[in-house]
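# Tertiary structure, described
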There are 2 protein chains.
Amino acid sequence: MARTVTRTRRTRPSADQTRERILAAALDLFSDRGFDGASTREIAQRAEVTQPLLNYHFSSKDDLWRAAVDGLFAALTRAMTDRTAGLRGVDELTAARLLVREFIAFSAEMPQLHRIITQECKVDGPRMDWLVERHVRPMYDGITALFSALTEQGHLPAIPPAHLYYILTGAAPTMFVLGPECRRLSGLDPTSDEVVDAHADAVCMFLFGH
Amino acid sequence: MARTVTRTRRTRPSADQTRERILAAALDLFSDRGFDGASTREIAQRAEVTQPLLNYHFSSKDDLWRAAVDGLFAALTRAMTDRTAGLRGVDELTAARLLVREFIAFSAEMPQLHRIITQECKVDGPRMDWLVERHVRPMYDGITALFSALTEQGHLPAIPPAHLYYILTGAAPTMFVLGPECRRLSGLDPTSDEVVDAHADAVCMFLFGH
DNA sequence: GTCTATAATTAGATAGAC
DNA sequence: GTCTATCTAATTATAGAC
């Protein structure tokens, strides 16, 4: 039997679509302009709704920000676990290389990730607390555990994991985070597949020596 | 004969000091909150003057931003050329290692540099044009020229200069730019000399292999 | 659910006294 | 030079019609 929706839904069908449009617009503008710089009017305009509707679906600008960030990290987690799923039985070094490449591809497609973290680090307020404890720390713990294993196996130089973490999270996304600058300086298009692949090659060469 | 100021000065002595206080406050707040997020009222408050005085010394918020950024890059240029001055006759590899260490030390002391570039990249407007052409391109040209020479000599892996540039400008300052996050995640103090030195060691290890 | 209208706050800039 | 007072515009959030 096909699954039927028996529970009476409390929201109209149009609302889900509207929420998604608002969330997508919010992510773009929060990451481009920061929390304060992004106005709810402009988010509403990009989502093609009126501004008070944001307060209907998300009770405040702050709640909207949190919902948009949750969606961003959900996409990152999905990309990384999808990649990991195909890696049963593969040695840790190969797995690490593929995860680094996946992280770079994600950073190129969604530079919003690094941009929002950078933005909130500067403000260093309650949104930062929430962001670190809810989303960043699990990522940090997983990456440093993998790096420690690789260092023990001699595949990475003996560098404290925290430094390794910030070398990776700096070297991987900066070309895309500073995309407009990169375009002006080098003439390269940091959104093109060739440049993303070349950057993944470069970072792997840098990290693993080949 | 000691140099005497014979030219009649058009400004009162107090004004220079006031301008400097305003510039320092502006740099801090622009880099922490971005151009839009920083209010001239708050800059004035931190500089211990009233808000209309900013419009007296700098004709607009935009001009104040430019003056603050000029000061920041002047400090960077001074740090790097002071370092270079003592390097006559030293081979290019040693010079590059010392310059990388100097850049990391500067990034740790003045994370405002990378923060302001990141902020303006997101907005990608006329301030970005000004910033790239006036300040960033000379830096980029110098660094990529040095890297190309080192790659030809076999001291660096064969990575295109643009990618090397963004690996360096990502790996070097990110730990300090995301300082508040780093503190929470690792317990390290990214402003301490030990951590800055350890990070310079780590980056040089990856870049030069030792 | 989605709208129009608006309240309450805050922003950057200017006028003018001293 | 530096201040107080104020203008105009833009912000987030709320009230209430449909």
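Everything below is about the structure printed above this text.
Throughout what follows, the structure given in this document is the object of discussion. (Residues numbered from 1 in each chain as written. Chains lettered and ligands numbered in written order. Predicted model: local features only at pLDDT ≥ 70, side-chain atom pairs only at ≥ 80, totals over all residues. Heavy atoms only, no water.)

### What to know about the overall build of chain A
Put simply, the rule reads: A run of DSSP states H or I qualifies as a helix once it reaches four residues; a run of E qualifies as a strand once it reaches two. Both are numbered from the N-terminal end. The cut-offs for exposure are 20% and 50% of the maximum accessible area for each residue type, with area from a 1.4 Å probe on protein chains only; residues under the lower value are buried, those over the upper are exposed, and the others partly exposed. In this description, contact between two residues means that some pair of their heavy atoms is separated by no more than 4.5 Å. Under the convention used here, a 1.4 Å probe and the Shrake-Rupley method define accessible areas, while residue burial counts only the protein chains that appear. Note on charges: Lys and Arg go in the positive column, Asp and Glu in the negative column, and His and the chain ends are not counted at all. Where a charge sits is defined by one atom per residue type, namely NZ (Lys), CZ (Arg), CG (Asp) or CD (Glu).
The helix and strand inventory of chain A stands at eleven helices and zero strands. Shown N-terminal to C-terminal, the secondary structure of chain A runs as helices and strands in the order α-α-α-α-α-α-α-α-α-α-α. C-alpha atoms of chain A, sized along the principal axes, occupy 55 × 55 × 35 Å. Within chain A, buried positions represent 50% of all 210 residues. Of all intrachain contacts in chain A linking residues separated by at least 6 positions in sequence, the fraction that spans at least 24 positions is 64%. For chain A, the computed accessible surface area is about 10200 Å², with 51% contributed by carbon and sulfur atoms. Put simply, chain A has 24 plus and 27 minus side-chain charges, and the middle of one group is 8 Å from the middle of the other.

### Re the pattern of salt bridges
To be explicit about the condition: In the sections that follow, a salt bridge refers to a side-chain nitrogen of Lys or Arg positioned within 4 Å of a carboxyl oxygen of Asp or Glu.
A full pass over the atoms with the stated rule returns 24 salt bridges over all chains. A:Arg33 is paired through a salt bridge with A:Glu42; the nearest N and O atoms lie 2.4 Å apart. Under the relative-accessibility criterion, A:Glu42 is labelled partly exposed at 27%. Residues A:Asp124 and B:Arg184 are paired through a salt bridge, measuring 3.1 Å at the closest nitrogen-oxygen approach. Placement of A:Asp124 in the loop between helix H6 (112–123) and helix H7 (126–152) and of B:Arg184 in helix H10 (residues 179–186) is noted, with the two residues assigned to different chains. For A:Asp124, a relative accessible area of 36% translates into the label partly exposed. When its relative accessible area of 26% is taken as the criterion, B:Arg184 is described as partly exposed. Through salt bridges with shared partners, one network takes in A:Asp62, A:Arg66, A:Glu120 and A:Arg127.

### Re unusual backbone geometry
With a phi close to 55°, A:Asp124 is a non-glycine residue in the positive phi region. Unlike most non-glycine residues, B:Glu48 shows phi in positive territory, near 60°. You can see B:Glu48 is positioned in the loop between helix H2 (40–46) and helix H3 (52–57).

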